[in-house]
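# Remarks on the overall topology
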Amino acid sequence: MISFRYHLVSIAAVFLALAVGVVLGSAGVSDRLLSAVSHEADDLAGQVQTLRAERDELAAGQRASDEFARRVGPAAVRGLLQGSSVTLVTSGADPADRDAVLALLQQAGATVGGEVALTPAVGDPARGDQLRELTAGLLPTGAQLPAATDTGSLVGGLLGGIVLAPAGEQGGQPIAAQQADAVLSGLAAAGFVAPGPRPQPGNAVLVLTGGALQGVDAGDAAAVIARLTAQLDRVGGGAVLAGRTGSADATGAVGVARADPGIVERVSTVDDLQTGAGQVSAVLALREQLDGRSGSYGTADTASGGAAPAA
């Protein structure tokens, strides 16, 4: 009997020891896990702090670069476009970018003949057939459209004689003021351009856009602006296509232009128009075009010409 009780006590002691060991072991594992998690959290907090510091440093550097460009920009472009006239074509351009470029054009001595503001409907594939029919119907007597059938080229051909003084390989004859008014009124009535005064034809055209377009048809819409710019270049003395960061993406007009050898070898492009440097580049690129040269400028990987054209 005593022996049996002794065995029971021994068994109970073993179970008690095991239970205590499990508890102590669990506590040790928990402590180690908590320690590891705490250490990882500290590491992540440190990484976040480092990234914030890097972000702030980059932002400060960008602000300094913009301030420098805006201070020296007027001097860098002064007189470069003296005696030249420039017409603007805008498509989703930021008003602040447009105003900054206009100020630089004045510093460069250019005469700004006016602006044609395209609406998003121009790049809408669902309205492509309507736009093609309207382009043919509004074509002034004696004028010719390009052989291409895409809407960008056709609209560029229609607007070419209105925004540019004919000088390129497809220059043709100047369009009379009354006919030009009829073209712009027809496009405005259909919602393809914003109502506004007729611009005076220029020696060169500056096409201003925003960043990358969004949506299922973004690539097609960007291609319309790229091809429109290329057609304007064929009509007049030169064309520059400038957009914000993102415009050099696959769904941006600059990106589409740079991906097409037939466009990029003729049209100058700028992909950082929201910066002071990009705004100066747009003006320098106009001088480049008038001199019969072209290049790709900005901060995107496809900016093969570097940050800006040579002054």
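Residues numbered from 1 in each chain as written. Predicted model: local features only at pLDDT ≥ 70, side-chain atom pairs only at ≥ 80, totals over all residues. Heavy atoms only, no water.

As named in an unreviewed UniProt entry, the protein chain is Copper transport outer membrane protein MctB, taken from Pseudonocardia hierapolitana.

On to the overall build of the protein chain. Counting secondary structure elements, the protein chain contains nine helices and six strands. Per-residue burial for the protein chain yields a buried fraction of 40% across its 311 residues. Looking at the protein chain alone, contacts between residues at least 24 apart form 76% of all its contacts between residues at least 6 apart. Carbon and sulfur atoms make up 58% of the accessible area of the protein chain, which totals about 15,800 Å². (Helix = DSSP H or I, 4+ residues; strand = E, 2+ residues; numbered from the N terminus. Buried < 20%, exposed > 50% of the residue type's maximum accessible area, 1.4 Å probe, protein only. Contact = heavy atoms within 4.5 Å. Areas by Shrake-Rupley, 256 points an atom, 1.4 Å probe, with all protein chains shown as cover.)

On to the pairing of strand β2 (residues 111-117), then. Two strands pair when backbone bridges link them, and strand β1 (residues 85-91) and β2 are joined in this way by six bridges, in the parallel orientation. In the sheet register, Thr90 faces β2, and the bridge partner there is Ala117. In the classification by handedness, the crossover that spans β1, the intervening helix α2 (residues 95-107) and the parallel β2 is right-handed. (Pairing = 2+ DSSP bridges. Right-handed = clockwise from strand over helix to strand, strands pointing away.)

Summed over the entire model, instances satisfying the criterion amount to zero aromatic pairs. Directly above the ring of Phe192 sits Arg127, whose terminal nitrogen or CZ lies 4.4 Å from the centroid. (Phe/Tyr/Trp six-rings, centres within 6.5 Å; stacked < 30°, edge-to-face > 60°. Lys NZ or Arg CZ within 6 Å of the ring centre and 35° of its normal.)

Turning next to the nonpolar core. The biggest cluster of nonpolar side chains holds 39 residues, and the ones touching the most others in it are Val89, Leu118, Leu159, Ile162, Leu187, Leu232 and Leu241. For this core, the secondary-structure elements that each account for two or more residues are α3 (128-138), α4 (151-163), α5 (177-189), β3 (204-209), α6 (218-235), β4 (239-242) and α7 (253-259). The greatest single-element share of this core, amounting to eight residues, is contributed by α6. Those residues in contact with Leu232 that lie beyond four places of it in its chain are Val89, Gly156, Leu159, Gly160, Val163, Leu164, Val205 and Val207. Residues Val77, Ala108, Leu208 and Leu273 belong to the second largest nonpolar core, which totals 23 residues. (Core = buried A, V, L, I, M, F, W, Y, C linked by side-chain atoms within 4.5 Å.)

Here the focus is the packing of α4 against α5. One can describe the packing of α4 onto α5 by two numbers: an axis separation of 10 Å at closest approach and a directional angle of 135°. It follows from the interaxial angle that α4 and α5 lie oblique. Considering the relative orientation of α4 and α5, their crossing is left-handed. From α4, Leu158, Leu159 and Ile162 reach across to α5, where they touch Ala180, Val183, Leu184 and Leu187. Of the residues belonging to the contact of α4 with α5, the class tally is seven nonpolar, no polar and no charged. (Axes fitted to C-alpha atoms, helices over the stretch in contact; angles between N-to-C directions. Parallel < 35°, antiparallel > 145°, perpendicular 65-115°, else oblique. Left-handed = near helix turned anticlockwise from the far one by under 90°. Nonpolar A, V, L, I, M, F, W, Y, C, P; charged D, E, K, R; others polar.)

The next subject is the pattern of salt bridges. Under the defined criterion, the tally for this structure stands at 11 salt bridges. Asp129 serves as the salt-bridge partner of Arg132, at 2.6 Å between the closest nitrogen and oxygen. Of the two residues, Arg132 and Asp129 both sit in helix α3, three residues apart, roughly one turn of that helix. When its relative accessible area of 31% is taken as the criterion, Arg132 is described as partly exposed. Members of the salt-bridge network, linked through shared partners, are Arg287, Glu288, Asp291 and Arg293. (Salt bridge = Lys/Arg side-chain N within 4 Å of Asp/Glu carboxyl O.)

A separate point is the side chain of Thr119. One can find Thr119 in the loop between β2 and α3. Among the residues examined, Thr119 registers a relative accessible area of 18% and is labelled buried. When near neighbours in sequence (up to four residues on either side) are disregarded, Thr119 contacts Gly191, Phe192, Val193 and Ala194.

This part covers the confidence of the model for the protein chain. Counting all residues, the mean pLDDT for the protein chain is 86, and 81% of those residues have values of 70 or more. For the stretch residues 4-20, pLDDT sits under 50, and the model shows zero contacts to residues farther than four places along the chain or on other chains. (pLDDT = per-residue confidence, 0-100.)

Compared with the 18 Å implied by 1.5 Å per residue over 13 residues, the 17 Å span of α4 between its first and last C-alpha is a close match. Within α4, the axis deviates most sharply at Gly157, by approximately 30°. Along α4, 13 of the 13 residues are buried, which leaves the element largely enclosed by surrounding structure. (Expected span 1.5 Å × (residues − 1). Bend = angle between axes of the 7 residues up to and from the residue.)

Across a sheet, strands are paired by hydrogen bonds formed along the backbone, either parallel or antiparallel in direction. Spatial strand order, β2-β1-β3-β4-β5-β6: six strands in an open sheet with parallel pairing. Of all the strands in the sheet, just β2 and β6 (296-297) have a single pairing partner and so form its edges. Judged from the four bridges that link them, β3 and β4 form a sheet pairing that is parallel. For Val205, the partnering residue across the bridge sits in β4 and is Ala239.

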